[in-house]
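# Examination of the molecular architecture
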Amino acid sequence: MIEIPYAELHAFPDGDRPHTGNPAGVALLNEPMSDADRLGVAQSNNLSETAFLESLETDLWRLRWFTPGSEVDLCGHATLAAAVWLFETGRVDGETAGFETRSGRLSVQRRHDGLYRMDFPEVGWRGVDRDPAVCTAMGGEPLEAFDLDRVHGSRYHMLVYADEAAIAGLAPDLGALAALQTNVVATAPGRSADIVSRFFAPGVGVAEDPVTGSAHCTLAPFWVQRLGRETLTARQIGPRPGALGVCAPGEGRVELVGSAARYLDGVIRI
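Attention in this report is confined to the structure presented alongside it. Just so you know, the residues in each chain are numbered from 1, in the order the chain's sequence is written. Per-residue local features are limited, in this predicted model, to residues with pLDDT of at least 70; the limit for side-chain atom pairs, both in listing and counting, is 80 or more; totals at the level of whole chains, interfaces and linings are taken over all residues. To get the side-chain values, all heavy atoms of the structure are used, and hydrogens and water are removed first.

### Topic: the environment of Arg191
Applied cut-off: The secondary structure listing takes helices from DSSP runs of H or I that are at least 4 residues long and strands from runs of E that are at least 2 residues long, numbered from the N terminus. Contacts between residues were defined by any pair of non-hydrogen atoms, one from each residue, lying within 4.5 Å.
Relative to the helices and strands, Arg191 resides in the loop between strand S12 (182–189) and strand S13 (195–201). Taking the C-alpha atoms as reference, Arg191 lies 26 Å from Leu174; in sequence the two are 17 residues apart. The contacts of Arg191, once residues within four sequence positions are left out, are Glu164 and Ala165.

### Concerning the packing of aromatic side chains
Which entries qualify depends on this criterion: Two aromatic rings, drawn from Phe, Tyr or Trp (for Trp, its six-membered ring), form a pair once their centres lie within 6.5 Å of each other, and the interplanar angle then sorts them: stacked below 30 degrees, edge-to-face above 60, tilted otherwise. Burial classes: relative accessible area under 20% of the type maximum marks a residue as buried, over 50% as exposed, and values in between as partly exposed (1.4 Å probe, protein chains only).
Evaluation of the coordinates by the stated rule reveals seven aromatic pairs. Centre to centre, the rings of Phe146 and Phe222 are 5.1 Å apart; their planes meet at 70°, and the pair counts as edge-to-face. Taken together, the residues Phe146 in strand S10 (residues 144–148) and Phe222 in helix H6 (residues 216–227) connect sequence positions 76 residues apart. Across this residue pair, the class does not change: Phe146 and Phe222 are buried. Centre to centre, the rings of Phe222 and Trp223 are 5.2 Å apart; their planes meet at 90°, and the pair counts as edge-to-face. Each member of the pair, Phe222 as well as Trp223, carries the same accessibility label: buried. Through a chain of ring-to-ring contacts, the aromatic side chains of Trp125, Phe146, Phe222 and Trp223 assemble into a single cluster.

### Here's the deal with the nonpolar core
Our working rule: Joining through side-chain atoms within 4.5 Å is the link that ties buried Ala, Val, Leu, Ile, Met, Phe, Trp, Tyr and Cys residues into a set, and such a set is a nonpolar core.
By size, the foremost hydrophobic cluster in this structure holds 60 residues, and its most contacted members are Leu53, Trp65, Leu80 and Phe99. Ranked by residues supplied to this core, first place goes to helix H2 (residues 76–88) with nine residues. Leaving out residues up to four positions away in the same chain, Phe99 has contacts with Leu53, Leu60, Trp61, Leu63, Thr79, Ala83, Leu86, Gly104, Arg105, Leu106 and Val108. Membership of the second largest hydrophobic core comes to 15 residues, among which are Tyr161, Leu170, Val184 and Ala188.

### Brief notes about the state of the cysteines
Here is the rule: Count a disulfide wherever a pair of cysteine sulfur atoms falls within 2.5 Å.
Scanning all chains against the criterion turns up zero disulfides. Cysteine Cys75 remains unbridged, with the sulfur of Cys217 as its closest cysteine sulfur at 10 Å. Cysteine Cys247 shares no disulfide, and the gap to the nearest cysteine sulfur, in Cys217, comes to 12 Å.

### Describing unusual backbone geometry
Residue Gln181 is not a glycine yet carries a positive backbone phi of 55°. Among the secondary structure elements, Gln181 is positioned in the loop between helix H5 (174–179) and S12. Positive phi is not limited to glycine here, since Glu251 has a value of about 55°. Assignment of secondary structure puts Glu251 in the loop between strand S16 (242–250) and strand S17 (253–258).

### A look at the side chain of Glu164
Rule in force here: Charge convention: Lys and Arg are scored as positive, Asp and Glu as negative, and His as well as the terminal groups of each chain are ignored. Take a side-chain nitrogen of Lys or Arg and a carboxyl oxygen of Asp or Glu: if they are within 4 Å of each other, that pair is a salt bridge. Under this definition, polar contacts are N or O atom pairs within 3.5 Å; protein pairs additionally need one hydrogen-donor-capable and one acceptor-capable atom, and for neighbouring residues in sequence, both atoms have to be side-chain atoms.
Structurally, Glu164 is set in helix H4 (residues 164–168). Arg235 provides the closest opposite charge to the buried, salt-bridge-free Glu164, at an N-O distance of 4.3 Å. Of note is the side chain of Glu164, whose polar atom sits 2.6 Å from the backbone nitrogen of Arg191.

### Section: the environment of Arg91
Structurally, Arg91 is set in the loop between H2 and strand S6 (96–101). Spatially, the C-alpha atom of Arg91 lies 20 Å from that of Trp65, the residues being 26 residues apart in sequence. If sequence neighbours within four positions are ignored, Arg91 has contacts with Leu28, Asp59, Trp61, Trp85 and Leu86. Reaching out from Arg91, the side chain makes a polar contact with the side chain of Thr89 at a distance of 2.8 Å.

### Remarks on the side chain of His77
Note on placement: His77 falls in helix H2. Take His77: its relative accessible area is 1%, and that puts it in the buried class. Side chain to side chain, His77 and Asn22 meet in a polar contact 3.4 Å long. Within the local environment of His77, its side chain forms a polar contact with the backbone oxygen of Pro23, the two atoms lying 3.2 Å apart. Those residues within four positions of His77 in sequence are excluded, and the remaining contacts are Ala11, Phe12, Asn22, Pro23, Ala24, Ser48, Glu49, Val211 and Gly213.

Here is the structure:
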């Protein structure tokens, strides 16, 4: 039997409101673990992602993310959760935690205001014709449609709607989206923030992800261009809302700013 330090954090919470943000598991490995065991832990946790950390050198870790179904190439909220846990448990010597991942080197910097700045890659987009089957499954007619560079698994589609009320009112047919093998980022200019969104990912086994960092790797540069401002406030609305700041400094990078609340600490035994 091995014992693995473990925590669950809620990343990008909606201010101080409890039970908001996106839950992520964080496991620190002090010895090798097979991919089958990592997947088994992720299935037991039954969260959208569990982050597995392995120390490489001072303030640098190997980071891998597993859903209950598979390993993924990029995950924002679980990266933030992992970084906040490392900082709060005294495992980071400096002010920046670095991570080697399947999407290259990522970093999370602790700011003096208690928030954390994440340096992530931009995920590109391109305009496409609106897919009637996807629009029908979403239950609301978008203004524009875009395909996104695939993060992992099924097709990624972004639909732009008129306003926040349209996003809040979406009630998609998730079975139809799953059959279409399509994940949908729905977004619009917001009232409660500069931009709002929801993310439906039945194509990777997640009906609705609460606050999706990787989706904002597209939303940030897209809306920065549309609104003509480099820094924006963002909220992912829906049953479990959350909030973050976004910035698109250019050169293919995106900055996400947020926090994560520790929900539980413990030990996994396998």
